[in-house]
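# Per-entry structural report
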Amino acid sequence: MLKFSLHNGLKPLPVLGLLLVSQVGLMTACTSQLQRLKDTKQCSECNLRRADLRGLDLQGANLQAADLKFANLAGTNLQKANLSEANLQAADLSEANLAEANLQKARLFLTQLEKASLEGAQLEGANLGFADLTDAKISEEQLQQALLCSTTLPDGSKSKNC
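Residues numbered from 1 in each chain as written. Predicted model: local features only at pLDDT ≥ 70, side-chain atom pairs only at ≥ 80, totals over all residues. Heavy atoms only, no water.

## Let's talk about unusual backbone geometry
Let me state the cut-off plainly: Each helix is a run of H or I in the DSSP string that is no shorter than four residues. Each strand is a run of E no shorter than two, and both are numbered from the N terminus. With a 1.4 Å probe rolled over the protein chains alone, any residue whose accessible area is under 20% of its type maximum counts as buried; one over 50% counts as exposed, and the rest are partly exposed.
Despite not being glycine, Arg 50 shows a phi value in the positive range, around 60 degrees. With respect to the helices, strands and loops of the structure, Arg 50 is situated in the loop between helix 1 (15-40) and helix 2 (140-145). Non-glycine residue Lys 115 carries a positive phi angle of around 60 degrees. Of note, Lys 115 is situated in the loop between helix 1 and helix 2. Given the relative accessible area of 51%, Lys 115 is considered exposed.

## Let's talk about the state of the cysteines
Just so we agree on the cut-off: The definition used for a disulfide is geometric: two cysteine sulfur atoms within 2.5 Å.
Tallying each qualifying case throughout the model produces one disulfide. Residue pairing for Cys 43: its cysteine sulfur links by disulfide to Cys 46, the two sulfurs lying 1.9 Å apart. Taking the sign of the S-S torsion, -95 degrees for the link of Cys 43 and Cys 46, the bridge is left-handed. Judged on exposure class, the residue Cys 43 and its partner Cys 46 are both buried.

## A word on the nonpolar core
Under the convention used in this document: Here, nonpolar core refers to any group of buried Ala, Val, Leu, Ile, Met, Phe, Trp, Tyr and Cys residues whose side-chain atoms link them within 4.5 Å. The contact criterion used throughout is that any non-hydrogen atoms of two residues lie within 4.5 Å.
Counting residues in each nonpolar core, the largest one holds 41 residues, and the members touching the most others are Leu 63, Leu 68, Leu 78, Leu 83, Leu 88, Leu 93 and Leu 98. Setting aside residues no more than four positions away along its own chain, Leu 83 makes contact with Leu 63, Leu 68, Leu 78, Leu 88, Leu 98, Asn 102, Leu 103 and Ala 106.

## Side note on the side chain of Thr 76
Checked against the element boundaries, Thr 76 lands in the loop between helix 1 and helix 2. Relative accessible area serves as the criterion here: at 1%, Thr 76 is assigned to the buried category. Contact partners of Thr 76, with chain neighbours within four places excluded, come to Leu 53, Arg 54, Gly 55, Leu 56, Leu 58, Ala 96 and Asn 97.

## What to know about the packing of aromatic side chains
The line we're drawing: Geometry of aromatic contacts follows a simple scheme: Phe, Tyr and Trp rings, the Trp one being its six-membered ring, pair when their centres are within 6.5 Å, and the pair is stacked under 30 degrees between planes, edge-to-face over 60, tilted otherwise.
For the structure shown, the criterion picks out one aromatic pair. Geometrically, the ring pair formed by Phe 109 and Phe 130 is edge-to-face, given 5.5 Å between the ring centres and 70 degrees between the ring planes. Pair noted here: Phe 109 is in the loop between helix 1 and helix 2 and Phe 130 is in the loop between helix 1 and helix 2, with a separation of 21 residues, a long-range link.

## Looking at the confidence of the model for the protein
Quick note on the threshold: Note on scores: pLDDT gives the predictor's confidence for each residue, bounded by 0 and 100.
The share of residues in the protein with pLDDT of 70 or more is 82%, and the mean pLDDT across the chain is 87. Low pLDDT (under 50) marks residues 1-29, which in the prediction has eleven contacts with non-local residues, meaning those over four places away or in another chain.

## Some points on the pattern of salt bridges
The line we're drawing: Here a salt bridge means any side-chain nitrogen of Lys or Arg lying within 4 Å of a carboxyl oxygen belonging to Asp or Glu.
For the coordinates displayed, the defined rule picks out two salt bridges. Among the ionic pairs, Arg 49 bridges to Asp 67, the shortest N-O distance being 2.6 Å. You can see Arg 49 sitting in the loop between helix 1 and helix 2 and its partner Asp 67 sitting in the loop between helix 1 and helix 2, a full 18 residues away along the chain. Among the residues examined, Arg 49 registers a relative accessible area of 43% and is labelled partly exposed. Since its relative accessible area comes to 18%, Asp 67 is described here as buried. With a closest N to O distance of 2.5 Å, Asp 52 and Arg 54 form a salt bridge. Residue classification places Asp 52 among the partly exposed positions, given a relative accessible area of 40%.

Below you can see the structure in the form of structure tokens.
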């Protein structure tokens, strides 16, 4: 087993134990950030990867630059939320309310947005590559502001621009 020792008279610590301690700290930080979001709706730059946020009311929440990769946000109310520069890659936002949300420069690559409401959402520079917008409420004008690549459009067709 690898050993790590400090030259200050302390006993050697197994490296594995040190790694476990650091991982527990990371898990606690994620849990505390999740709780902060639920309590205050403020969590910019938070690590919320794989978080289960299904059906929550996060109207007006600040999630700017948050990491929501693989998060489950199905049916979540994110109306008027700030998700600019957020990483929503491969997240489930099916049936979510994103009306009037700020999604500028958000990463929505491979994101599930079936039946989502995106009316009035700001999508300038958002990456919707390979996202699924089947039956989503979104205007043609909004789609023109986003980056599309093999994106499934609301009518079920695929975008051709990459």
